[in-house]
Structures are given as C-alpha cells and as structure tokens.
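# Structural features, examined
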Amino acid sequence: MSDNSFTGRSEATKADVSAIQVDDPILEMRDASVTFDMDRGESRVLDQVNLDVQRNEILGVVGESGSGKSMFASALLDAVVDPGTLSGDITYHPDPDRSVDVLDLSPEQLRELRWEEISMVFQGAQSSFNPTTTIRDHFEETIEAHNYDMAQGMAHARELLEDLYLEPDRVLDAYPHELSGGMQQRALIALSLVLEPNVLVMDEPTAALDLLMQRSILSLLNDLQEKYDLTVVFITHDLPLVAGLADRLAVMYAFEFAEVGPADEIIRNPTHPYTRSLLKAVPNLDTPLQEMQPIEGMAPDPVDVPEGCSYHPRCPLADDVCRASNPAYHAVDDSDDHVAACFHWEQASDVLSLTTDGETEHAEIVGKQSADPVVSLTDVDVHFEQEADGGLLSIFDDPDLVHAVDDVSLDVYENDVVALVGESGCGKTTLGKTSIAAQRPTGGSVTYREQDVWDAKDGVGDVETPFEAIRRSLQMVHQDPGGSLNPNRKVQASLEAPLKHWNTGMDAEDRKERVFSMLEYVGMSPPEDYAGRYPHQLSGGEQQRVALIRALLMNPDLILADEAVSALDVSLRVEVMDLMLELQDVFDTSYLFISHNLSNARYFAGNAGGRIGVMYLGEIVEIGPAEEIIANPKHPYTKVLKWSTADLEVDQDVEEPPISSIDIPDPVDPPSGCRFHTRCPEAREACARQQPSLDEHASDDEHRVACFREYDQSHEYWESEPIDDGESTDLFADGSDAAEIESDD
Ligand code: SF4
Ligand code: SF4
C-alpha cells in the first residue's frame, strides 16, 4: 500500500471510496499510485487513485496531457514500465462472483489477462504493427500464442473486420503500410478483440486520424460495444470527442480524478472548478467565441505537486482550506453517482459561469484586413510525381501524377486571417507552402505585393522585390515546433540565428535585447531563464511560442501556421491562438492557418474577422467569413466536416455521417466532374460529368460555394437523376482508393 507521507499531503485523500463505487464493477482500482525515482526527487504520476469501472459501460477518462491518464490505463493492466513502481489494489471481476487480484498475477497469467480478458489499443497503429509482416500474420500469431483454435479465431477475425467496414481478404493480405491510417487503426481494434476480451482499454486511439475518421470509428465502437457486450475505457484529452460516446466521464487532474459522473451530468452540470474551466477552454463550434477562455496557469510537475488541493494555484475559488488539505469526494447534489473532489463545489457554478449574460453572444468581430493583397494565387496547380512503391518492377512504370492543388485562386490581404481546412491529402499544406514561396506551382501564378514570386526567383523581367526579401516576408510555423527547433541549440542561439543572417547591422547586444523582449512578450519570463534552455527543456506550448518568435523576428507580412496548435493539448490551444492573434495586432502580419480541425479554424479566423476556406482533393470548395461558414455551411462537404467535429453535447448523433464513403479518393486519379460526387449524398448524374465553379452563380461575393445546388433551377443538376452506385451503405468502402498523402498533409 502506498505511503502518504511523501509530500505532506492529507491522509484523507479521496478516502471515501463509497463515493465512486458502482453496482457491478468489472474493474476496481483502490489507492493506486505509480512513482518513479528521479534525480529531482520522487515523481508521482498516479496518486492514490480510486475508481470503479462498471460492467458493459463506456467510461471516458479525460484530462490534459501529463495528467496521468495513460498511467491510469497502464496501472489497470499492471503494465507500468520500469523503473516505475505501482502500489495499491486492482481487482478484476470476470463475472460478478469472481475476483482476480491483478497485482498478484504471474507474468504468464498477466500475459493471458492482457489479451484474453482486458485488451488495449494505443494511438498510432503504425507503431503497433510489425511493418514486415502482413495483417494476417498478426492475427495468426496472436491466436496461436494464446492456444486458441485457429479456424475459429480467424473466422472471428473476419467477422470483426467486417464489423469495422473492412474487406477481410484485402486487409488480411496487406502489409500495414498498404493501408491508410484509418484502416490500420480499425484493423488494430479488430486484432485487440480477436480473443474476445471483456474489457477494451483505448488510449487516445484516434488522435492521429482525421476528424471524420475519428468520429466514424467512434460510431463503430458504439456498435461493437453493444454487439460483443464490451466494457470500454476510452482515454483522451479531447473532451468533445468522448462526450457523446461515454456513459460516464472521469476527469483527471494532477494524477488523480477531480470529478466522476454520468457524461450528461459532467457536461451539463460540471461541478469541479477544473472541469468547468476545461469545458470553457475547449474550442468548439457552438460556444460564442468570446466565451472560450484558456485555463490560467500550468498543470503541476509530478515531482512538485502543490500541497492541499493540487488545483489551488489555478483555481479562482482557492482559499486557505484548499491550500492546507486535499479535498475528499463530495456527492454532488446528494447524487449517488456524481462526485467532485472540491471543498467549494457548491459555489463553482456561480463563480465560474459557463455562459455570459447573453448580450455578448455571437457579437460580430470585424477584421482589420486591408484591401491590398499581400499574396495572390491565380489559377494555381501543384502536381507531383508520386514516388514508386519500391517494387522491383515499379522502375518500369510511369510515375503517377498527384493533383495536390488544382486551379486555386486566393488573395490574402494585409492583416488578414485565412484558415484552410480539410482532410489529410486535401492539399491544404501544399497550397500553404505554395503561398509562402516554399513550393513552386506547376501552373498559374503566385505574386507577393504584385511581384511574381517565381519570376523574382528566376530573374525574369523587371524584378522589383528580390526573392530573398520575399522569402523573408513569408514565414512558417510548423505543427511540431520541437522538430523544427535545433535540439542542440539553446533558445537564445536559435532565435539569434535568423537575426544574424538577415540583420547584419545588428550587434550582439541588440540581438540579445530583441530576443529577450520577445520572450518576455510571449510570457516566457524571466527571459534569461528560457533563453538558456534547450528545446527539450520546454513544454509543447513553450516550444510553439519560440517557433512563433522566430517567425516574427523577421517582421513577416504573412505567416503560414501549419497545424500550429494541433499537437497542443486542447486546453492550451485557445491560449496559443489568443497569443498569435495578439501578436498579429502588434506586428501587422497576416496568417494562413492550416487545420484539419474546424473548431480551431473557427476560433482563430472567427476572432480575427477572417475567412475559412474548405479544401477537398486539391480544390477550394467553399470559402467565406468564418462564423458564416460555421453557422450556414452550404457545400455538402463542409456539412460533413461540421458533422465530424464533435460538440460538447451528450446526445450528439454519432450514427449517420452525411457522406456515402468515409475514405478519401486517390488524388492520383480524382473523380470526374465534381470531385466530391463519389461521397456526396446529394450527388446527381450531372455532378459526375460537370465541374461546379466557386465563382459562377455565387449569390454572395463573400461566401462562395462550388456546388450545383447553389446554381439556379435552370442548371441540369436539378433535372438529372440521383447517383445510385448500389453501395450507398458502404461508408467505409476502401478499395485501392484509400491513398493518403500523409507526408504532405
Ligand atoms: S475550490 Fe479549493 S478544493 Fe475546490 S478545486 Fe478550487 S482549490 Fe481545489
Ligand atoms: S456539385 Fe453535386 S456532387 Fe458536388 S457537392 Fe454539389 S451536389 Fe454534391
């Protein structure tokens, strides 16, 4: 059992386990702690946790990165990696009358438990599969290793693959890399269920996927849970994603659960101050922009968790009692299934209101963009030759041409924000790179303040603005700031390098002063401290701030922010986007903001009075003011993106995506006519023959849509027959057209 003396924290920590007990637990965790001995001291990454998992429920475990969610999952299976030490009690009840003490099992018994009774699925199927063996080999090895009947096991494997809308023959014979990310993740779920476990523990299982695929897999998970009587523990940092799926939610903060209860109670009547702040901090499509606010402060270091209530340094209700003692669970409104670990839960709803008084709701935000374009793209094409797949005979094949961007025109003005959204492989990153002169188009033109960018590069005609100056004015912030910062360079050296290159007149003292003032400006204070750190000594949010400073030190006219907040925790995204917008005001810059997430695009572009452009297979299919696109999407594909963006709603419909196939067609051979016609529920025969235009028939200059449904009744679309391919129920029709340009978008 754990030792409570390590931080002087209260012995009474969450002692009243009756508060979290359920009628028929399949798993019981009591007083579970995980510690690591580190040079800096003892790191307690799970802290005396008590929780029951009810048989046949879907339990959502949510919280920020580093809050202990994954450690909770590892502890459930006694799978904490060395040199971590797990203490406490974990009991598994295969049925209501039997108990298994998980921490008492032998290594062989544990191996059986982990596949046959409680199975686990992690994020990123790619790393879970052996790339050198087929999916069939993975199933057969698993069945054989557990001495299951091979014929029965493989029959079950095929059934599971079909349940997950995969073609068994094609998938079983494929190597992992031959499947798209969504197909791999579904195959991994099937593999985890092949030995018919009772419990499925999923740790961020869809985090690497597009929202549409995430949402679709969640609806399949719902079906699987019912069909196979599964208990599911779904761990995620993405509260909206699990809100509509889970029966109960458990909110984790600082390595313990802050609030546990039925999902609808937690979403509609959150009681712990942290849960309330988390709900306000999550970008979503419904909440008025003004009401979304970041959570102040930082989550604690596991070596140095504050005494008393661990949330007190960030909590507006904190008082001396909170600072002195760790609160036990309180039953919310005398409920027997909703508990919050907070002394002042009754005041939380008054102090931390989730809504404003209504007067500021959906107030219009007017952008500051000028009428002068900084960058103009006219009829731009970017076509790539796809690399051969490496097969011996492939060297004799003609390379395939990928239509990454096709015939796109776009102006980005001074002080503008344009958010480009779409699925992986839609061409948004390629279009972004083309806009900042980092990618040469294969057709059309790109101008920077009326200077043709590639003429400047090639020295064609009268070059008014040299290419070097153009590149300097067009900067980029990547998704993975850690990857874009030199790991061997301290922050100061990383930030001074571009100044040395571009501002040769600046002396060392001026450079240092400039860098320090920028660090201070973005909240990295004291700057001397941060300037001396290496990238790995910074949090994800801090790394992204450094990347942003590096771009801004060039005084750019336009910054391409490519999924710049996607890798950040949900609760940090609003904070970083706010900072980017504040810096826009100071530096008079524009942003081209690339995101696969419509909520982030809405928050960023909406708060700047900017636009959202929706891309599909290399084309912009809808563009307009951000809030107008969200409130009144017109293109059927934009409606799909909106559907796939989970709301903070418990009764959201996860059943019927408004699309006839989930997987994106191959950009090597895009569909004829309207490229969306193979997936569009509104498609008619005219759509397969003709291509709708973004500019023709636009009733509104600002909000433009490339769909025949916006054309007047004289267009032949209205008279033509609906497309019926006979496969309309096959949402996950994969086939060979599931290609994704993963490296590009
Ligand atoms: S009110 Fe006190 S006990 Fe409750 S969350 Fe805030 S600091 Fe913790
Ligand atoms: S043009 Fe036709 S296929 Fe394309 S989005 Fe409109 S209705 Fe759908």
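Note that the coordinates shown come from a computational prediction; the quantities given were computed from them, not determined experimentally.

Analysis parameters
Residues numbered from 1 in each chain as written. Chains lettered and ligands numbered in written order. Predicted model: local features only at pLDDT ≥ 70, side-chain atom pairs only at ≥ 80, totals over all residues. Core = buried A, V, L, I, M, F, W, Y, C linked by C-beta atoms within 7 Å. Buried ≥ 20, exposed ≤ 12 C-beta atoms within 10 Å, placed from the backbone. Contact = placed C-beta atoms within 7 Å. Helix = DSSP H or I, 4+ residues; strand = E, 2+ residues; numbered from the N terminus. pLDDT = per-residue confidence, 0-100. Pairing = 2+ DSSP bridges. Axes fitted to C-alpha atoms, helices over the stretch in contact; angles between N-to-C directions.

## Details of the nonpolar core
Among the nonpolar cores identified, the biggest contains 203 residues, and V233 and A419 are the most heavily contacted of them. With sequence-adjacent residues up to four places away left out, A419 is seen in contact with F593, S595, A601, F604, A605, G610, I612 and A626.

## Describing the environment of L46
Secondary-structure assignment places L46 in strand β2 (residues 41–54). For L46, a count of 27 C-beta atoms within 10 Å corresponds to the buried category. C-alpha separation for the pair L46 and A32, spaced 14 residues apart in sequence, amounts to 6.9 Å. Among all residues touching L46, those that are not within four sequence positions of it are A32, S33, V34, G68, M71, F72, A75 and F255.

## Observations concerning helix α18 (residues 491–502)
Taken together, the buried positions of α18 are occupied by V491, S494, L495 and E496. Residues of α18 that are buried make contact with α19 (508–521), α20 (527–531) and α21 (540–552).

## Points about the confidence of the model for the protein
Averaged over all residues, the pLDDT of the protein is 86; the fraction at 70 or higher stands at 89%. For residues 1–15, every residue scores under 50 in pLDDT, and the model assigns this stretch 31 contacts once sequence neighbours within four places are set aside. Note that residues 726–745 has pLDDT below 50 and, in this model, 46 contacts with residues that lie over four places away or in other chains.

## Focus: the sheet that holds β2
The strand order across the open sheet built from 4 strands is β2-β1-β4-β5, with neighbouring strands paired in antiparallel fashion. The two strands at the open ends of the sheet, each matched to only one other strand, are β2 and β5 (100–101). Bridge count between strand β1 (residues 25–38) and β2: 10 bridges; the pairing is antiparallel. Looking at β2, one finds that F36 is bridged to S43. Strands β1, β2 and β4 (85–92) of the sheet are contacted by helix α1 (residues 69–76), whose axis makes an angle of about 115 degrees with β1.

## Some remarks on the sheet that holds strand β7 (residues 199–203)
In spatial order, the strands read β6-β7-β8-β3-β9-β10-β12-β11; together these 8 strands make up an open sheet with mixed pairing. In this open sheet, the two strands that pair with only one neighbour each are β6 (118–122) and β11 (330–331). In this sheet, strand β12 (residues 339–340) lies alongside strand β10 (residues 256–262) in antiparallel orientation, the contact comprising 2 bridges. Paired with E259 across the strands is A340, a residue of β12. Docked against the sheet, helix α2 (residues 107–117) engages β6 and β7, running at close to 75 degrees with respect to β6.

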